[in-house]
Amino acid sequence: MSKTASLGLAPSSSFFGRLMVSIDRLLMTSARISARNGDLPYFGL
């Protein structure tokens, strides 16, 4: 018997989940653009 447990999480398709994914995508795109320009990426809202 294994001593570890795993938990399978289904992807969230709720409105809040989709909103968080789109905010994350926006922040990561901003960080990539900043890094490409040689600036420090600004994380946060």
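Our subject is the structure that appears above.
Residue numbers restart at each chain and count upward from 1, following the sequence in its written direction. Only residues with pLDDT of 70 or above have their local features reported here, since the model is predicted, and side-chain atom pairs are shown and tallied only from 80 upward, although totals for entire chains, interfaces and linings are computed over all residues. In computing side-chain values, all of the structure's heavy atoms are included and hydrogens and water are not.

A.B. asks: It is not clear to me how the overall build of the protein should be interpreted in this structure. Could you clarify?
C.D. replies: By the criteria applied, helices consist of DSSP H or I runs no shorter than four residues and strands consist of E runs no shorter than two, each listed in order from the N terminus. Each helix and strand counted, the protein has one helix and zero strands in total. Throughout this description, buried means an accessible area under 20% of the type-specific maximum (1.4 Å probe, protein chains only), exposed means over 50%, and partly exposed covers the range between. With 45 residues in all, the protein has 7% of them scored as buried. The accessible surface values rely on the Shrake-Rupley method and a 1.4 Å probe; as for residues, cover is taken only from the protein chains in view. Of the roughly 4,500 Å² that the protein leaves accessible, carbon and sulfur atoms contribute 65%.

A.B. asks: Explain helix α1 (residues 15-37) to me, please; I cannot follow it from the model alone.
C.D. replies: For the α-helix, the turn length of 3.6 residues means that residues three or four positions removed from each other point alike. Expected span, for any helix, means 1.5 Å times one less than how many residues it has. Taking 1.5 Å per residue, 23 residues should reach 33 Å; α1 reaches 33 Å between its end C-alpha atoms and fits that length. Regarding α1, the residues found buried are Gly17, Ala31 and Ser34. Positive phi shows up at glycine 38, right after α1, with a value of about 90°.

A.B. asks: What is the right way to look at a nonpolar patch on the surface in this model?
C.D. replies: Side chains of Phe15, Phe16, Leu19 and Met20 sit close together on the surface and give an oily, nonpolar patch of about 450 Å² of accessible area. Positionally, phenylalanine 15 belongs in helix α1. Grouping into patches uses exposed residues only, defined as over 30% relative accessible area, and leaves out salt-bridged ones; the cut-off is 9 Å for like charges and 5 Å for nonpolar side chains (Val, Leu, Ile, Met, Phe, Trp, Tyr). Within this document, salt bridges are pairs made up of a side-chain nitrogen of Lys or Arg and a carboxyl oxygen of Asp or Glu, the two lying within 4 Å of each other.

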